[in-house]
Amino acid sequence: MAWVWAALPGVVLGVALQLLQERLWPASAYLGMLAGAGLLVALALRWPGRSPLRSAARGLLAGALLAAGLTGLRAVHQLDQALAPELEGVDIVVTGQIA
């Protein structure tokens, strides 16, 4: 189970790489990353392997894919809720009622 410990720095790496993106990818790309991470974890559980280096590399990659996929999906979700660009920097009057 050495791959589990190797996944921790992979998570940090995945978040850092996703934050360095200039533009967001489509949500399907991030879902693909999550599927790839799930596949790597399933392979690690099914065939643990004898090589600690290979197992650690698998964990590092799985952690990076998982974190980048989740971070990217959250960013895509947040972008969908952003203020329309034509309203940025414009003064608007808001009327409300408190019940």
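Here the structure is shown first, and the text comes after it.
Residues numbered from 1 in each chain as written. Predicted model: local features only at pLDDT ≥ 70, side-chain atom pairs only at ≥ 80, totals over all residues. Heavy atoms only, no water.

**As for the overall build of the chain**
Turning to step 1, where the next piece is worked out: In terms of regular secondary structure, the chain is built from three helices and zero strands.
Turning to step 2, where the next piece is worked out: Along the chain, helices (α) and strands (β) appear in the sequence α-α-α when read from the amino end.
Turning to step 3, where the next piece is worked out: Here the C-alpha atoms of the chain give a radius of gyration of 19 Å, more than 25% beyond the 13 Å that 2.2 N^0.38 yields for 99 residues.
Turning to step 4, where the next piece is worked out: Each principal axis of the C-alpha distribution contributes one length, and for the chain these read about 65 × 35 × 20 Å.
Turning to step 5, where the next piece is worked out: Per-residue burial for the chain yields a buried fraction of 22% across its 99 residues.
Turning to step 6, where the next piece is worked out: Summarising the internal contacts of the chain: among those between residues at least 6 apart in sequence, 79% fall at separations of at least 24.
Turning to step 7, where the next piece is worked out: A gap of 36 Å separates the mean positions of the 6 positive and 5 negative side-chain charges of the chain. (Helix = DSSP H or I, 4+ residues; strand = E, 2+ residues; numbered from the N terminus. Rg over C-alpha atoms; globule rule 2.2 N^0.38 Å. Buried < 20%, exposed > 50% of the residue type's maximum accessible area, 1.4 Å probe, protein only. Contact = heavy atoms within 4.5 Å. Lys, Arg positive; Asp, Glu negative; His and termini not counted. Charge placed at Lys NZ, Arg CZ, Asp CG, Glu CD.)

**Some remarks on helix α2 (residues 27–46)**
Turning to step 1, where the next piece is worked out: Taking 1.5 Å of rise per residue, 20 residues should cover 28 Å, and α2 covers 29 Å from first to last C-alpha, within 8% of that figure.
Turning to step 2, where the next piece is worked out: All of the buried residues along α2 are Y30, M33, A37, L40 and A44. Seen along its axis, α2 keeps its buried residues to an arc of 75°; they face one direction. For α2, the exposed residues lying more than 90 degrees away from the buried face are S28, A35, L39, L45 and R46.
Turning to step 3, where the next piece is worked out: On its buried face, α2 sits against α1 (2–19) and α3 (52–80). (Expected span 1.5 Å × (residues − 1). Arc of directions from axis to C-beta.)

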